[in-house]
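Structural characterization, general
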Amino acid sequence: MGLLMNLIMIGMVLPVGLIIIAVAYPKNWKKRKVFYGIRYQDGYEREGISDRIDTICANARKKAFLLTGVFVLIGIVLAVFQNIPLNVTFSVLNVYAYMMLMLVPYILANKNLKNLKREMGLVANAGITYTDLSGTSTVHALKLPALLLPAFLVAVEFGVALLLDLKVFCIEGYTVDGIFTLTSITLIYLLTALMLIPIAVIMDRQKNEVISENSTVNANYNRAIKKCLAGMSVAIAWSVVVMTTGFFAGMLLFQTELFAMIATGVFMVIMIGAIIVYVSRVRKINERYKEEMSVMVDDDDKWIGGMIYYNRGDKRLTVEKRMGIGATVNFAHPVGKVIGGLLAVTLLATLLCLVWLGLLDATPIRIRVEDGRVVCHQLRDEYKIEIGQIQSAELVENFDERKVVRSVGSNMPGLMKGRFTIDGEPCKLFLNPDIDLCIRIETGDEVYYVSRETVEETRALYEELK
Amino acid sequence: MVIRIDEYSDVPIYQQIRDQIVMGISDGRLRAGEQLPTVRALALEMGINTMTVSKAYQSLKAEGYILTDRKNGARVRMEIARSKELSDANLWELKRIISEARLSGVDKKDLIAMIEEGYKEK
């Protein structure tokens, strides 16, 4: 992974980490409705108790900052020292470990606060739910057209991209690459815009929270919170439009996928900005309504680690999150159990992908000539080229000057494997791009670019083929 | 008006809903003619089965507290029939409360004061 890629990865993950700290590791817990998965209660401000909570919260926050520092440090080391073995795997592992470890101080603080509650003799009253009859299902803030319009614009851009790639019409300066790069990336953006719609609707339709005996207070509070949520969703939807348009214009003007990365970066910045605005507004709303919060359900014990809701006594499927933004599921609910299973499978699959990435990174490519065939082998992949079918074999130098676009396969530092196009020509690659030398083999029906691990070994293979 | 449901209570959920709506009508938190949420909306909000809410509404309708029709949903009756007497079940409940108050050592005057306080709450 290049220096730039590593720095981009740090640049994208670091703001997320800082948002997690701002949201989950509050500096002043007294201003929060919920902190470390524990609901605020007046008794916490008693002398002696308040100091202990201060210490627990300060320790957790300190650990979160420390973890962030370690993550950035490891990221910089991996970015600067590119020759570290398994660099790509360690970079991804660093992000993964950071995201997982960031939860640890939160869980520990939650555990300590629950212990403190037990010492104080505070008894949870889980299983009790409050519902405001006058506010039932009437408080919504999301205006669907505000979300549908950006999705429609992205759909139009996707349509134009598809027509361009199908050569239905053409734009001067844009050359179709034959592998539908413009169409496939705009399709991903369109799916992002479409996916936002049900998520925003679910967030807008989630159960209204009852904070007071006064229905007007409840309605105003929920309307204010949902207005913020709707605003954030619309801002993110428009950032998808900006991302798609930026990429589209970049591809038309400069014909490079680099704009996909830049556009994604802009999208991330707008999305993070929208989340920051949302978090600060929600904080202000909670501060404003704190005095009026007369109804409280203490179901802290039903929150595993302060973030996973498991309450058999609650028949609701979704509840407001204790850590983060929006809603989470009740994992004791039958549907929640299915969702939990899917999440576990996803997590396991991610870990397996990471292991696979490590294996790809660590296993050298091997090319041998045997039984009249050139056999390229790495892990489970094997290309067999019949020597009798080879029409020409030539050494290609300055490989990095070629325009290489991946269709299907691996494109990592030290490994290019799978279907690619080189200068617009479809071909199969099995090479180490770091050595900048490879052999172009043409058979009757396929073009291959292959190399061994080193220049000397590749030249030796070429001599053998000659 | 806010309804409080205790999932772990021995009292069935439909009964808890019914009781609290009656209390709401009695103390004025639910006004005469006030619209109640639909069965589906209330069930969705509470995260309970629609049959449970429906049972509570049917009970309230049968007792003359609310009116339901397909077009307007459920609403509090404009005029609630005043029979000027307690049902057998409520009389039995009252006797039970008096008995327990006596056993707990609650003074008769205090109990009457509590009842008066309850009447004043409207």
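Residues numbered from 1 in each chain as written. Chains lettered and ligands numbered in written order. Predicted model: local features only at pLDDT ≥ 70, side-chain atom pairs only at ≥ 80, totals over all residues. Heavy atoms only, no water.

**Re the packing of helix α1 (residues 3-24) of chain A against helix α2 (residues 49-80) of chain A**
Residues and elements named next belong to chain A.
- For the pair α1 and α2, the least separation of the axes is 9 Å and the interaxial angle reads 175°. With respect to α2, the element α1 is oriented roughly antiparallel. In this structure, α1 uses L3, N6, L7, I10, V13, L14, L18 and I21 to contact α2, whose residues at the interface are R61, A64, F65, T68, F71, V72, G75, I76, L78, A79 and V80.
- Counted by class, the contact of α1 with α2 contains 15 nonpolar, three polar and one charged residues. (Axes fitted to C-alpha atoms, helices over the stretch in contact; angles between N-to-C directions. Helix = DSSP H or I, 4+ residues; strand = E, 2+ residues; numbered from the N terminus. Parallel < 35°, antiparallel > 145°, perpendicular 65-115°, else oblique. Contact = heavy atoms within 4.5 Å. Nonpolar A, V, L, I, M, F, W, Y, C, P; charged D, E, K, R; others polar.)

**Notes on the interface of chain A and chain B**
- Taken together, the contact pairs 26 residues of chain A with 19 residues of chain B.
- Summed over the shared surface of chain A and chain B, the result is six residue pairs in polar contact (both at pLDDT 80 or more).
- Elements that contribute at least two residues to the side of chain A that touches chain B include exactly β3 (128-132) and α7 (215-254) of chain A.
- With five residues, the top contributor of residues to the side of chain A that touches chain B is β3 of chain A.
- When grouped by side-chain class, the residues that make up the side of chain A that touches chain B number five nonpolar, 13 polar and eight charged.
- Here β3 of chain A runs beside strand β1 (residues 2-6) of chain B; their pairing, made up of five bridges, is antiparallel. The residue of β1 of chain B that forms the bridge with T131 of chain A is I3 of chain B. (Polar contact = N/O pair within 3.5 Å; in protein donor to acceptor, adjacent residues only side chain to side chain. Pairing = 2+ DSSP bridges.)

**Regarding the nonpolar core**
All names here are of chain A.
- Ranked by size, the top nonpolar core spans 49 residues in total, and within it L182, Y189, M232, V240 and F247 carry the most contacts.
- Broken down by secondary-structure element, the contributors of at least two residues to this core are α1, α5 (144-165), α6 (181-205), α7 and α8 (258-289).
- I56, A64, Y98 and A109 belong to the second largest nonpolar core, which has 29 residues in total. (Core = buried A, V, L, I, M, F, W, Y, C linked by side-chain atoms within 4.5 Å. Buried < 20%, exposed > 50% of the residue type's maximum accessible area, 1.4 Å probe, protein only.)

**Structural notes on the sheet that holds strand β15 (residues 437-443) of chain A**
All names here are of chain A.
- Within the open sheet, the six strands sit side by side as β11-β15-β16-β14-β13-β12. Their pairing is mixed. This sheet does not close on itself; its edge strands, each paired only once, are β11 (390-397) and β12 (404-412). Direction aside, the axes of adjacent strands within the sheet are offset by 20° on average.
- Sheet topology places strand β13 (residues 415-422) next to strand β14 (residues 425-431); seven bridges connect them, and they run antiparallel. Bridging from a neighbouring strand, G418 pairs with L429 of β14.
- Contacting β12 and β13, helix α9 (residues 334-362) crosses the sheet at an angle of about 100° to β12.

**What to know about the domain arrangement of chain B**
- Here chain B is partitioned into domain 1 (13-76) and domain 2 (88-120).
- Taking only C-alpha atoms into account, the centre of domain 1 of chain B sits 27 Å from that of domain 2 of chain B. (Domains from an automatic or database assignment.)

**Let's talk about a positive patch on the surface**
Residues and elements named next belong to chain A.
- Positive charge collects at one region of the surface, where K143, K227, R281 and K284 lie side by side.
- Structurally, K143 can be placed in the loop between β3 and α5.
- The exposed category is assigned to K143, whose relative accessible area is 62%. (Patch = residues over 30% accessible without salt bridge, like charges linked within 9 Å, V, L, I, M, F, W, Y side chains within 5 Å. Areas by Shrake-Rupley, 256 points an atom, 1.4 Å probe, with all protein chains shown as cover. Salt bridge = Lys/Arg side-chain N within 4 Å of Asp/Glu carboxyl O. Lys, Arg positive; Asp, Glu negative; His and termini not counted. Charge placed at Lys NZ, Arg CZ, Asp CG, Glu CD.)

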